[in-house]
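Tertiary structure, described
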Amino acid sequence: MTKRLDRDFYSRDVLDVAPELLGKRLVRIGEDGGISSYLITETEAYRGMEDLACHASRGRTPRTKVMFGEGGYLYMYLIYGMYWMMNVVTGAEGVPQAVLFRGLREASGPGRLTRLIGLDGSFYGEDLVNSERIWIESNGPAPSYTAGPRVGIDYAGLPWKDMPWRFLMDL
DNA sequence: AACACGATTTCG
DNA sequence: GAAATCGTGTTT
């Protein structure tokens, strides 16, 4: 049986949510109404204002404001002028956290992932709990996983660049 | 108004 | 190893 993840799932700490998203199914309803679903295989956690790798650590701006709201909403942003990154907000309202989706079984890499399933800035603020075009479903038993340092954030410095907040589903 | 840069990917 | 490419935040 499968069921859509609810507000309570996303409202917990990002360090609980990010690894638990592994093995779950990302469901996408296309422009033509067709259903596609993808197995989530890699995620990363960005945790609050103190985490210097988290965009919200520089404060609340038009771009980061969704992260300060309640969990379950998408935080989309463009990187290097060409790739949209997909994140889902987690934690309680007022606590800026988000999970970056880095890989699906069908596409490895955050930029390739959004290109595959057709996501862009128009999905900023989309609610995965109520959206008609994208959501996540629980699916079978939780897979084992491996944690390691996050990618591309060395600029954040210690201890943040070494925190093992990247989660990869084991094969 | 101008500038610097990034949670990446691709090609050589 | 380096280019591509532009929204966002910061500085002038």
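Keep in mind the model is a prediction, meaning the values are calculated, not measured. (Residues numbered from 1 in each chain as written. Chains lettered and ligands numbered in written order. Predicted model: local features only at pLDDT ≥ 70, side-chain atom pairs only at ≥ 80, totals over all residues. Heavy atoms only, no water.)

Bringing helix H3 (residues 110-117) into the picture now. Counting along an α-helix, one turn takes 3.6 residues, and residues three or four places apart therefore face a common direction. Regarding H3, the residues found buried are Pro110, Gly111, Leu113, Thr114 and Ile117. Buried residues of H3 fall within an arc of 160° about the axis and therefore sit on the same side. Those residues of H3 that are exposed and angled more than 90 degrees off the buried face are Arg112 and Arg115. Packing partners of the buried residues in H3 comprise strand E2 (25-29), strand E3 (35-47), strand E4 (74-79), strand E5 (83-89), strand E6 (97-104) and strand E7 (107-108). Phi turns positive, to about 70°, at Gly118, one or two residues after H3. (Buried < 20%, exposed > 50% of the residue type's maximum accessible area, 1.4 Å probe, protein only. Helix = DSSP H or I, 4+ residues; strand = E, 2+ residues; numbered from the N terminus. Arc of directions from axis to C-beta. Contact = heavy atoms within 4.5 Å.)

Once that is clear, we can look at the packing of aromatic side chains. Considering all chains together, one arrives at 5 aromatic pairs under this definition. The interplanar angle of 85° and the centroid separation of 5.3 Å between the aromatic rings of Phe9 and Tyr10 together place this pair among those described as edge-to-face. In this pair, the class of Phe9 matches that of Tyr10, namely buried. Relative to Trp165, the ring of Trp160 lies with its centre 6.3 Å away and its plane at 55°, an arrangement referred to as tilted. Among the aromatic residues, those joined into a cluster by ring pairs are Tyr75, Tyr77 and Tyr124. For Arg12, the ring lying beneath its charged end belongs to Phe9, and the centroid distance is 4.7 Å. The positively charged end of Arg63 is found above the aromatic ring belonging to Tyr77, 5.6 Å away from the centroid. (Phe/Tyr/Trp six-rings, centres within 6.5 Å; stacked < 30°, edge-to-face > 60°. Lys NZ or Arg CZ within 6 Å of the ring centre and 35° of its normal.)

By the secondary structure assignment, Glu70 is in the loop between E3 and E4. As for Glu70 and Gly23, which are separated by 47 residues in sequence, their C-alpha atoms are 23 Å apart. Apart from the residues lying within four places of it in its own chain, the contact partners of Glu70 are Arg7, Val89, Gly91 and Glu93.

Let's shift gears to the side chain of Thr41. One can find Thr41 in strand E3. Judged by its relative accessible area of 18%, Thr41 falls in the buried class. Those residues in contact with Thr41, other than ones at most four positions away along the chain, are Leu22, Gly103, Leu104, Arg105, Phe167, Leu168 and Met169.

Bringing the protein's contact with DNA strand B into the picture now. Around DNA strand B, the structure places 22 residues, and the nearest of them are His55, Tyr83, Asn87, Arg112 and Tyr155. Restricting the count to atoms of DNA strand B within 4 Å of the protein gives a sugar and phosphate share of 53%. Taking Arg115, its side chain carries an N or O atom lying 3.0 Å from a phosphate oxygen of DNA strand B. Between DNA strand B and the protein, one listed contact pairs a phosphate oxygen with a side-chain N or O atom of Tyr155 at 2.4 Å. When residues of the surface near DNA strand B are traced back to their parent elements, those giving at least two are E4, E5, E6 and H3. Per-element tally for the surface near DNA strand B: the top contributor is H3, with 4 residues. Class assignment of the residues belonging to the surface near DNA strand B gives a composition of 13 nonpolar, 6 polar and 3 charged. (Near = heavy atom within 4 Å. Polar contact = N/O pair within 3.5 Å; in protein donor to acceptor, adjacent residues only side chain to side chain. Nonpolar A, V, L, I, M, F, W, Y, C, P; charged D, E, K, R; others polar.)

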